[in-house]
Amino acid sequence: MSQDMKNDISNQEIREQDTDTATPKSNFHINPHIVILSAIAIAFAIIVFKLYEWNKGVPSDYDPNNVTDEFDIEPLDLIFPLAQHALDGHEDDGVTTILCLGNDPFAQYRDEKNGLAELIASKTGATVYNGSFAGSCITPAGASYDENDWIDAFSMPYLSNAICSGDFSNIKTVAQRHNENPDFLSTIEMLENLDMNTVDIICIMYDGSDYINKRGSDDPNNPYSIVAYSGALNHALSSIKETYPFIRIVVMSHTFCLTPDGENGDKVNYGNGTISHYLLKEIDVAEFNGVSIIDNFYGSINEDNYKDYMSDYIHFNDKGRELLAQRFVDCIFDEE
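One structure accompanies this document, and this report is about it.

Definitions and limits used
Residues numbered from 1 in each chain as written. Predicted model: local features only at pLDDT ≥ 70, side-chain atom pairs only at ≥ 80, totals over all residues. Heavy atoms only, no water. Buried < 20%, exposed > 50% of the residue type's maximum accessible area, 1.4 Å probe, protein only. Helix = DSSP H or I, 4+ residues; strand = E, 2+ residues; numbered from the N terminus. Pairing = 2+ DSSP bridges. Right-handed = clockwise from strand over helix to strand, strands pointing away. Core = buried A, V, L, I, M, F, W, Y, C linked by side-chain atoms within 4.5 Å. Contact = heavy atoms within 4.5 Å. Axes fitted to C-alpha atoms, helices over the stretch in contact; angles between N-to-C directions. Salt bridge = Lys/Arg side-chain N within 4 Å of Asp/Glu carboxyl O. Expected span 1.5 Å × (residues − 1).

1. Quick look at the pairing of strand E4 (residues 248–252)
The element E4 is largely enclosed, with a buried count of 5 among its 5 residues. Burial along E4 is two-sided: Arg248, Val250 and Met252 and Ile249 and Val251, pointing in opposite directions, are all buried. Pairing of strand E3 (residues 201–205) with E4, which is carried by 5 bridges, proceeds in the parallel orientation. Bridging from a neighbouring strand, Cys203 pairs with Val250 of E4. Inspection of the sheet shows E4 paired to strand E5 (residues 292–294) by 3 bridges, in the parallel sense. In the sheet register, Val251 faces E5, and the bridge partner there is Ile293. Crossover handedness for the path E4 to helix H10 (residues 275–289) to E5: right-handed.

Right under this line is the structure:
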C-alpha cells in the first residue's frame, strides 16, 4: 500500500473519531407563541384572584343589635371667642354674668334647681339672669304688632329692641294687659334694672316653636325681615352686637322635636322646611354675625334619643335640661 493511501486512511480515522467525540447538537427550540400564551394565562389568573378577593370584601364589624349613645353625625357647633378689641374701654367687674334669653327651655322650672338657667349657674359659678318668655318665638307672626298675637311682643326682634334701647314700656304694657303668666312682668322688671355693662355672655335658646307655628324660615330678598326666622334672628343678633359689642353672644340651637300630632319633625314640612332646615338657617345667621352657636339638634337631643330627654313632643325633662346645661358648659367654659 502506498504511503498516500496510508495517509488517507489515517485522516479518515481521525475524522471519524472527531465526529464520535463531538457534542451532539440540541434539538430543543423555545416557541415564542407558547411563552406569550403562558404570560397571558398567568396574568388572567392574577386578575381572577384579585377580583375574587375584592368581591369577597372584608369582614364587617357592624352589629345591628348594638345600642350606643355615640352620634353618627358630627355636631355643627361653631364656637367663636369674643374679639379682644371688643373689650377695649370696657371695665371687667371680675364676676361672670350670663343673661339667658329665649322661651320654654329657660322658662320651664324657672327659679328651681332643675331649671336650665339654674343648672348653668350651678355648673359655672356664674351669676345668671333668666330673661325668657314662655310660649314666645324668635319670629313674630306679622310685620307689625297685632293685639290678636300679643305674645309676639316678646319675640326676639321686639325683645332685642327693648334691651338695646332700654325702653321696655311697650312690652310691659302688653304683659300688664295679658297677665296670664305672672313671670312676664317680673322678667321685664329684671331686664329694666339689669346693668348691661355687667353682662359678659348672652345665651339665647328657643325650642322648635317657630317650626311648629309655621313661621317663615327665610326671606332671600330681605335678610333682616322680622317675619322670617333667619331675618328675625339676624335683626336681634346684629342689634345686640352693635349696642353691646363687649358681650359675647352664644346661641343654643333648638333640638329635635315632634309635631303636636306626634310625627317626626324632621320629616314633616309645613311649607317652610322641616325642623332641620330651621337649624341650618340658625347656624347660617350665627356664623354671619360671628357669634357662637351650639348645635343641640345633632349634638344633644336627636331623633334617636329624644324619648330619654323629652317630656312631650317639644319640652324637656330633668335629664334633658341637665344635658343641655352640660353642653353649654362643655362648649363655652371648657374651650381650652
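2. Focus on the nonpolar core
Proteins that are soluble and globular tend to have nonpolar side chains buried together. In terms of nonpolar packing, the biggest core is built from 77 residues, with Leu99, Phe154, Met196, Ile202 and Phe328 touching the most fellow members. Not counting residues up to four positions away in its chain, the partners in contact with Met196 are Leu99, Ile163, Ile202, Tyr244, Phe246 and Ile247.

3. Section: the sheet that holds strand E2 (residues 127–132)
Spatially, the 5 strands line up as an open sheet ordered E2-E1-E3-E4-E5, and their pairing is parallel. In this open sheet, the two strands that pair with only one neighbour each are E2 and E5. Each neighbouring strand pair of the sheet contributes to a mean axis angle of 20 degrees, computed without reference to strand direction. Note that strand E1 (residues 97–102) and E3 share 5 bridges and pair parallel. In the sheet register, Leu101 faces E3, and the bridge partner there is Ile204.

4. Some remarks on the pattern of salt bridges
When their charged atoms lie close together, side chains carrying opposite charge are able to pair. One pass over the full model with this rule turns up 8 salt bridges. The partner of Asp152 in a salt bridge is Arg215, with the nearest N and O atoms 3.7 Å apart. Of this pair, Asp152 sits in the loop between E2 and helix H5 (156–165) while Arg215 sits in the loop between helix H8 (209–212) and helix H9 (229–243), and the two are 63 residues apart along the sequence. Residues Asp152 and Arg215 agree in their burial class; the two are buried.

5. Some details on H10
Along an α-helix, residues three or four positions apart point the same way, because every turn accommodates 3.6 residues. Compared with an ideal rise of 1.5 Å per residue, which puts 15 residues at 21 Å, H10 spans 22 Å between its outermost C-alpha atoms and is within 8% of the ideal. Of the residues making up H10, those classed as buried are Ile275, Ser276, Tyr278, Leu279, Lys281, Glu282, Ile283, Val285, Ala286 and Asn289. Those residues of H10 that are buried lie in contact with H8, H9, E4, E5 and helix H11 (296–299). Backbone geometry just after H10 places Gly290 at a positive phi near 70 degrees.

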